[in-house]
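Tertiary structure, described
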There are 2 protein chains.
Amino acid sequence: MTPKTDSLDDFFQRNRAQIDQALANLLPEPEGPKARLNEAMGYCVLNGGKRVRPLLLLATTEALGGDLQQALPACCAVELIHAYSLVHDDLPAMDDDSLRRGKPTCHIAYDEATAILVGDGLQTLAFSALTESSGASAESVLQMVRELARASGHQGMVGGQAIDIYSEGHTLKLEELERMHLEKTGALIEASIVLGALASGRADAECIEGLRRFARAIGLAFQVRDDIIDVESDTSVLGKTAGKDAERNKPTYTSLLGLEQAKLKALQLHNEALSQLQALGLQNSRLQDLASFMIERTH
Amino acid sequence: MTPKTDSLDDFFQRNRAQIDQALANLLPEPEGPKARLNEAMGYCVLNGGKRVRPLLLLATTEALGGDLQQALPACCAVELIHAYSLVHDDLPAMDDDSLRRGKPTCHIAYDEATAILVGDGLQTLAFSALTESSGASAESVLQMVRELARASGHQGMVGGQAIDIYSEGHTLKLEELERMHLEKTGALIEASIVLGALASGRADAECIEGLRRFARAIGLAFQVRDDIIDVESDTSVLGKTAGKDAERNKPTYTSLLGLEQAKLKALQLHNEALSQLQALGLQNSRLQDLASFMIERTH
């Protein structure tokens, strides 16, 4: 385990700038007959996002003693998948959201056809970005492609989004809600951490399995916290329409468990995550701080 | 060059069945809470499609003496990208088509949210399929991922689709129309042929460049023929709404050049394709028959 040498804030600031620069380098110039598409791609990616997934990825690479520079293509890949999913989730036929991070969503700022194509193009760009991974072996990069695809597609994020949509207006059991979130948001968080491990070139299969258990715990905790925030915040703090889930009769942890039990659930998952890190000997790494940050955040 | 040993019809029949089987094996079972998504994915892929791109891919592998079985994952990948693009192109905010191959389009048969997710999931599945390529080296598979991403994203298919949408109601110059088609449909045809060459394990850089020139010529010719068919056919033969391009004031080869000049253009591109094959010593391969089939088809 490589010890952290600066604060979580410093780590965020330094690496967010690097991630944003790497993303900017991948995005096309807004010129020529498809200037509108290219500009919209930038609008949806370079938008002051928190970069939670790339930061988790880098924290994993750091914890295992890998080279952060070499992990940047993988950082871009997970962030691009996340960005594409938000653009498509916001569409009128899906969640029909008009605000995202305090700004008009893509189909509002541009148009619906552009938003569909932006999402499509960002997904492609994610896989393209992965193939630029330097330092890692071809086998290792191919394993990253496989992992990212498994996490993003019908077995992961897309599948979870489908369950989410189909369950609107229905009562879910707690296990069903959990499965939905493990696929919808958990799979990409897990993939981010596994990609960070693969990019380090220093993780064996056992280490990756332990990191998966850690990732699943913080992924669920992140979602429970999201539901809590949706209940407790107002729109101006949130940068997106607050209370939307309850309004649309979407099952959430808070609606199923109540606010207090949901908070207890987040705490239990946090503890589980920390004990997984301990088992890996990574309890003093940045992953611990980052897990706490994700689970204790208020917006 | 490996000589063909059966007729084009036999080649089609034998390999279409294999491609359809390989695609069916990749698709998820329609069960559980996302049964609707999974079923819709199958509906949009296992639909009696012509499989032009996988057949071009296999014809390339065959012409270079490669193993067709090992090329099947790449066949699935290009067909899945094609299938996803049709699902998204048919959406109300895009081409707003209700018929595809004589059947209701995905958002009509299911719903719009499902159609968006089906397209997203099929794109992911394409990259996932590539990673199952056996026989080829990891470097070679990674090159396939790179090639497929370049052809599918904002530099290729998605970019061409954007130009197509943004140019509706505008007059394009011939060069602009050509650029649009080279990206919208040509790039994936080119990638299919390059993936076939990579899967064979027997193509050097020079051979791949020659095949790219061949692919670009037949890709454009295929599109010119498509425009001609749209003018000459009626809906019952076409299996999709005929005359739609003219009705929506979309620029086409026939609207820019007139029907007769468009036919001459198809012929010239066909000749160029054949001379590229000759330069590669592949003039008696199945690629020649397939090029003729694509360019002379009437539906």
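Residues numbered from 1 in each chain as written. Chains lettered and ligands numbered in written order. Predicted model: local features only at pLDDT ≥ 70, side-chain atom pairs only at ≥ 80, totals over all residues. Heavy atoms only, no water.

Per an unreviewed UniProt entry, chain A goes by the name Geranylgeranyl pyrophosphate synthase and belongs to Hahella chejuensis. The UniProt entry for chain A carries this comment under Cofactor (unreviewed entry): "Mg(2+)". Its UniProt record, at the heading Sequence similarities (unreviewed entry), says of chain A: "Belongs to the FPP/GGPP synthase family." (UniProt positions renumbered as here; feature names shortened; annotations may be inferred.)

The next thing to look at is the nonpolar core. One finds Leu-122 and Ile-218 of chain A together with Leu-122 and Ile-218 of chain B to be the most contacted residues of the largest nonpolar core, which totals 192 residues. Beyond its immediate sequence surroundings of up to four residues, Leu-122 of chain B is in contact with Leu-27, Met-41, Cys-44, Val-45, Leu-80, Ala-83 and Tyr-84 of chain B. (Core = buried A, V, L, I, M, F, W, Y, C linked by side-chain atoms within 4.5 Å. Buried < 20%, exposed > 50% of the residue type's maximum accessible area, 1.4 Å probe, protein only. Contact = heavy atoms within 4.5 Å.)

Turning next to helix α7 (residues 138-152) of chain A. Residues and elements named next belong to chain A. Its 15 residues place the ends of α7 21 Å apart at the C-alpha level, agreeing with the 21 Å of an ideal helix rising 1.5 Å per residue. Counting buried positions along α7 yields 11 of 15 residues, so the element is predominantly enclosed. All buried positions along α7 are accounted for by Ala-138, Ser-140, Val-141, Leu-142, Met-144, Val-145, Glu-147, Leu-148, Ala-149, Ala-151 and Ser-152. (Helix = DSSP H or I, 4+ residues; strand = E, 2+ residues; numbered from the N terminus. Expected span 1.5 Å × (residues − 1).)

The next point concerns the packing of helix α1 (residues 8-26) of chain B against helix α4 (residues 72-89) of chain B. Residues and elements named next belong to chain B. Contact geometry for α1 and α4: axes closest at 9 Å, N-to-C directions at 75 degrees. The orientation of α1 with respect to α4, classified from their angle, is roughly perpendicular. Packed against α1, whose contacting residues are Gln-18, Ile-19, Ala-22, Leu-23 and Leu-26, the element α4 presents Leu-72, Cys-75, Cys-76, Glu-79 and Leu-80 at the interface. Among the residues making up the contact of α1 with α4, the classes are represented as eight nonpolar, one polar and one charged. (Axes fitted to C-alpha atoms, helices over the stretch in contact; angles between N-to-C directions. Parallel < 35°, antiparallel > 145°, perpendicular 65-115°, else oblique. Nonpolar A, V, L, I, M, F, W, Y, C, P; charged D, E, K, R; others polar.)

Right, let's talk about the pattern of salt bridges for a bit. Residues and elements named next belong to chain A. Throughout the structure, instances matching the rule amount to 38 salt bridges over all chains. One salt bridge connects Arg-212 with Glu-190, and the closest N-O pair in it is separated by 2.8 Å. Placement of Arg-212 in helix α10 (residues 205-232) and of Glu-190 in helix α9 (residues 174-200) is noted, with a sequence separation of 22 residues between them. Residues Arg-212 and Glu-190 agree in their burial class; the two are buried. (Salt bridge = Lys/Arg side-chain N within 4 Å of Asp/Glu carboxyl O.)

Turning our attention to the packing of aromatic side chains. Residues and elements named next belong to chain A. Within the structure shown, the criterion is met by five aromatic pairs over all chains. Look at Tyr-43 and Tyr-110: their rings are 5.5 Å apart centre to centre, the planes differ by 75 degrees, and that puts the pair in the edge-to-face class. Within this pair, whereas Tyr-43 is found in helix α2 (residues 35-45), its partner Tyr-110 is found in the loop between α5 (106-109) and α6 (112-130), the two being separated by 67 residues in sequence. Given the relative accessible area of 14%, Tyr-110 is considered buried. When the ring centre of Tyr-43 is taken as origin, the NZ or CZ atom of Lys-103, which lies over that ring, is 4.3 Å away. (Phe/Tyr/Trp six-rings, centres within 6.5 Å; stacked < 30°, edge-to-face > 60°. Lys NZ or Arg CZ within 6 Å of the ring centre and 35° of its normal.)

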